Amino acid sequence: MSIETTGAVGPVEGVSRYDVDNPAPVIEPPRARTKKTPKSTRTNFELYGWLFMRLSGIVLVVLVLFHLLIQLVLDGGVSKIGFAFVAGRWASPFWQTWDLLMLWLAMLHGANGLRTVINDYAERPNTRFWLKNLLYTATVFTVLLGTLVIFTFDPNIR
Amino acid sequence: MPAGTLYRGREGMWSWVAHRVTGVLIFFFLFVHVLDTALVRVSPEAYDDVVATYKTPLVALLEYGLVAAILFHALNGLRVIAVDFWSKGTRYQKQMLWTVMGIWIVLMAGALYPVLGHAVREVFGS
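Keep in mind that this is a model prediction, so the values were computed, not measured.

**A look at the overall build of chain A**
- Each helix and strand in chain A was counted, giving four helices and zero strands.
- Each helix and strand of chain A, placed in order from N terminus to C terminus, yields the pattern α-α-α-α.
- The globule rule puts the C-alpha radius of gyration for 158 residues at 15 Å, and the 30 Å found for chain A is more than 25% above it.
- In terms of principal-axis extent, the alpha carbons of chain A reach across some 95 × 30 × 30 Å.
- The 158 residues of chain A split such that 32% are buried.
- At a minimum sequence separation of 6, the contacts of chain A that also span at least 24 residues come to 57%.
- A total accessible area of about 11400 Å² is found for chain A, and carbon and sulfur atoms account for 66% of it.

**A look at the packing of aromatic side chains**
- Using the criterion set out here, one finds 10 aromatic pairs over all chains in the structure.
- Taking 5.4 Å as the distance between ring centres and 45° as the angle between the ring planes, the aromatic pair formed by Trp50 of chain A and Phe85 of chain B counts as tilted. Within this pair, whereas Trp50 of chain A is found in helix α1 (residues 45–73), its partner Phe85 of chain B is found in helix α3 (residues 57–85), the two belonging to separate chains.
- Judged by relative accessible area, Phe85 of chain B falls into the partly exposed class, the value being 49%.
- Judged by centre distance (5.6 Å) and plane angle (40°), the rings of Phe83 of chain A and Phe153 of chain A are tilted. Pair noted here: Phe83 of chain A is in helix α2 (residues 83–90) and Phe153 of chain A is in the segment after α4 (125–152), with a separation of 70 residues, a long-range link. An identical accessibility class is assigned to Phe83 of chain A and Phe153 of chain A; each is buried.
- Through successive ring pairs, a cluster of aromatic residues spans Phe66, Phe94, Trp95 and Trp98 of chain A.
- The ring of Trp95 of chain A carries the charged tip of Arg89 of chain A above its face, separated from the ring centre by 4.4 Å.

**Remarks on the packing of α3 of chain B against helix α4 (residues 93–124) of chain B**
Residue and element names in this part refer to chain B.
- Interhelical geometry of α3 versus α4 gives an angle of 160° and a closest axis separation of 9 Å. When the axis of α3 is compared with that of α4, the two are roughly antiparallel. Our pair here, α3 against α4, has a crossing hand that is right-handed.

**A short note on the interface of chain A and chain B**
- The partner chain B presents 37 residues to the 42 residues of chain A that form the contact.
- Counting each side, the surface lost to burial between chain A and chain B is near 3200 Å², with a carbon and sulfur contribution of 76%.
- Summed over the shared surface of chain A and chain B, the number is two salt bridges.
- Ionic pairing is found between Asp84 of chain B and Arg54 of chain A, a salt bridge with its closest N-O pair at 2.5 Å.
- Taken together, the connections running from chain A to chain B amount to seven residue pairs in polar contact (both at pLDDT 80 or more).
- Mapped onto the side of chain A that touches chain B, the elements with two or more residues apiece are α1, α2, α3 (93–121) and α4 of chain A.
- Class assignment for the residues of the side of chain A that touches chain B results in 28 nonpolar, 10 polar and four charged.

**Here we look at the environment of Phe27 of chain B**
- Position of Phe27 of chain B among the secondary structure elements: in helix α1 (residues 11–37).
- Excluding its chain neighbours within four sequence positions, the residues that come into contact with Phe27 of chain B are Met107, Gly110, Ala111, Leu114, Leu135 and Thr139 of chain A.

**With respect to the pattern of salt bridges**
- According to the stated counting rule, one finds four salt bridges over all chains in the structure shown.
- Measuring nitrogen to oxygen at the nearest pair gives 3.1 Å for the salt bridge that ties Glu46 of chain A to Arg115 of chain A. Here the residue Glu46 of chain A occupies a position in helix α1, and Arg115 of chain A occupies one in helix α3, the gap between them amounting to 69 residues.
- A relative accessible area of 9% places Arg115 of chain A in the buried class.
- Residue Arg20 of chain B pairs with Asp120 of chain A through a salt bridge whose shortest N-O separation is 2.6 Å.

Rules used throughout
Residues numbered from 1 in each chain as written. Chains lettered and ligands numbered in written order. Predicted model: local features only at pLDDT ≥ 70, side-chain atom pairs only at ≥ 80, totals over all residues. Heavy atoms only, no water. Helix = DSSP H or I, 4+ residues; strand = E, 2+ residues; numbered from the N terminus. Rg over C-alpha atoms; globule rule 2.2 N^0.38 Å. Buried < 20%, exposed > 50% of the residue type's maximum accessible area, 1.4 Å probe, protein only. Contact = heavy atoms within 4.5 Å. Areas by Shrake-Rupley, 256 points an atom, 1.4 Å probe, with all protein chains shown as cover. Phe/Tyr/Trp six-rings, centres within 6.5 Å; stacked < 30°, edge-to-face > 60°. Lys NZ or Arg CZ within 6 Å of the ring centre and 35° of its normal. Axes fitted to C-alpha atoms, helices over the stretch in contact; angles between N-to-C directions. Parallel < 35°, antiparallel > 145°, perpendicular 65-115°, else oblique. Left-handed = near helix turned anticlockwise from the far one by under 90°. Buried area = accessible area lost by both parts, 1.4 Å probe. Salt bridge = Lys/Arg side-chain N within 4 Å of Asp/Glu carboxyl O. Polar contact = N/O pair within 3.5 Å; in protein donor to acceptor, adjacent residues only side chain to side chain. Nonpolar A, V, L, I, M, F, W, Y, C, P; charged D, E, K, R; others polar.

As structure tokens, this is what we get:
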């Protein structure tokens, strides 16, 4: 778009105050990025978070429902669970991978869900900050602990 | 005060509330569950001790509640995905919720005996 330099005010309103020798001052577009503009911190984080909830959700439906079926329904339900049962299952890399994937996806899915809940209901900035700090700390701790347990499991511990 | 101004919500709102509540409950259980499983790194006895509490009748009832929460969250989550990605998802969201509830009731009935059977036998003897 070319800017009309001969007159900022049309002939209807009267004679222009500006001409070629006396140009109007340049007004910056209000949203133009300049050197003084703070660096943009906008990312697509929330979009990826939204997508992650759906993708991990589909995988978790399979992982968790089979987990419940094995642990609580088949072969005597909860009655058969014990150290020997865990040792038997974690002897197989398949179930180790299953449980590891389930741990990571469920913890991240749950943590992101709780982050949304905190954002919705905790209104004071301080409360939000501390609740989310607590959430992230507990999440990192639990994920690392669970991962360590799966990788260092020793069936002959005693 | 004008009568009938309280918004009582419809299928969409209440399924959203239930999805939140079940999600938070499941997440809190998950923390406890990772911690109790971590006891396999302490000793077989420590793990078997804590698992023994999972086998008591009262906790069996809580497990049935956990299954209820997880099944609803899983089925309704699939409905949410359908609402988001299926072009007719919003039009059929109510029908999908009643489908979810139907499947939920069937699965909960199926889980009744496996999850609670041993608790019933313990309480009432057999």
